Amino acid sequence: MKKDIDFHPVTGVKLAIAREMVDGQEEWAVYMINLNLIELHTVMITSKGYGLIDGEQRKTSVLRHMIQEVGSQSIAKIEPIDPAVFTLNNEFWLSYYILDQIFDKKFIFTEGSMDPSNIRMIPELGLEGVLHG
């Protein structure tokens, strides 16, 4: 059972939603940034969006991703994201292994966090977006 697993606190890992221009089109994507000096193994990510749109409860499908390894001090592109869901809370649940220890953290980009006033340059990516640590 999950309550019997000893989860360690996540450090040195951040998530970002950032934009880039591809063939003259603005595209948004979710990135994982590993600032640790050790690689991460069996990285599992689930994502979903939820919240109110025009007073009505809405939620997106749950997406699941697995990345076998994210190298030390490197980035991994997790998924593209449609700006239409920025009006929702966007939740990313991240689990990974370092050696034989499991680490687990939930990142939530809350409704409104993708407001243009929050967009900043993310040096690790060389792109503009919102960083969640």
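In this report, we go over the structure that sits alongside the text. (Residues numbered from 1 in each chain as written. Predicted model: local features only at pLDDT ≥ 70, side-chain atom pairs only at ≥ 80, totals over all residues. Heavy atoms only, no water.)

1. A closer look at unusual backbone geometry
Then comes step 1: With a phi close to 45 degrees, T42 is a non-glycine residue in the positive phi region.
Then comes step 2: Examined against the element boundaries, T42 turns out to sit in strand 3 (residues 40-53). (Helix = DSSP H or I, 4+ residues; strand = E, 2+ residues; numbered from the N terminus.)

2. A word on the packing of aromatic side chains
Then comes step 1: Scanning all chains against the criterion turns up 3 aromatic pairs.
Then comes step 2: Relative to F109, the ring of F92 lies with its centre 6.0 Å away and its plane at 85 degrees, an arrangement referred to as edge-to-face. Highlighted residues: F92 in strand 7 (residues 89-98) and F109 in strand 8 (residues 101-109), separated in sequence by 17 residues. Accessibility classification places F92 together with F109 in one group, the buried group.
Then comes step 3: Between Y96 and F103, the ring centres sit 5.4 Å apart and the planes meet at 10 degrees, which makes this aromatic pair stacked. Take Y96 and F103: they sit in the same class, and that class is buried. (Phe/Tyr/Trp six-rings, centres within 6.5 Å; stacked < 30°, edge-to-face > 60°. Buried < 20%, exposed > 50% of the residue type's maximum accessible area, 1.4 Å probe, protein only.)

3. What to know about the nonpolar core
Then comes step 1: Counting 28 residues, the largest nonpolar core has M32, V43, L94 and Y96 as the members making the most contacts within it.
Then comes step 2: Within the residue set of this core, elements represented by two or more residues are strand 1 (13-22), strand 2 (25-34), strand 3, strand 5 (63-70), strand 6 (74-80), strand 7 and strand 8.
Then comes step 3: Tallying contributions element by element places strand 7 first for this core, with 4 residues.
Then comes step 4: Judged by nonpolar contacts, the second largest core, of 8 residues, contains A16, A18, A29 and I122. (Core = buried A, V, L, I, M, F, W, Y, C linked by side-chain atoms within 4.5 Å.)

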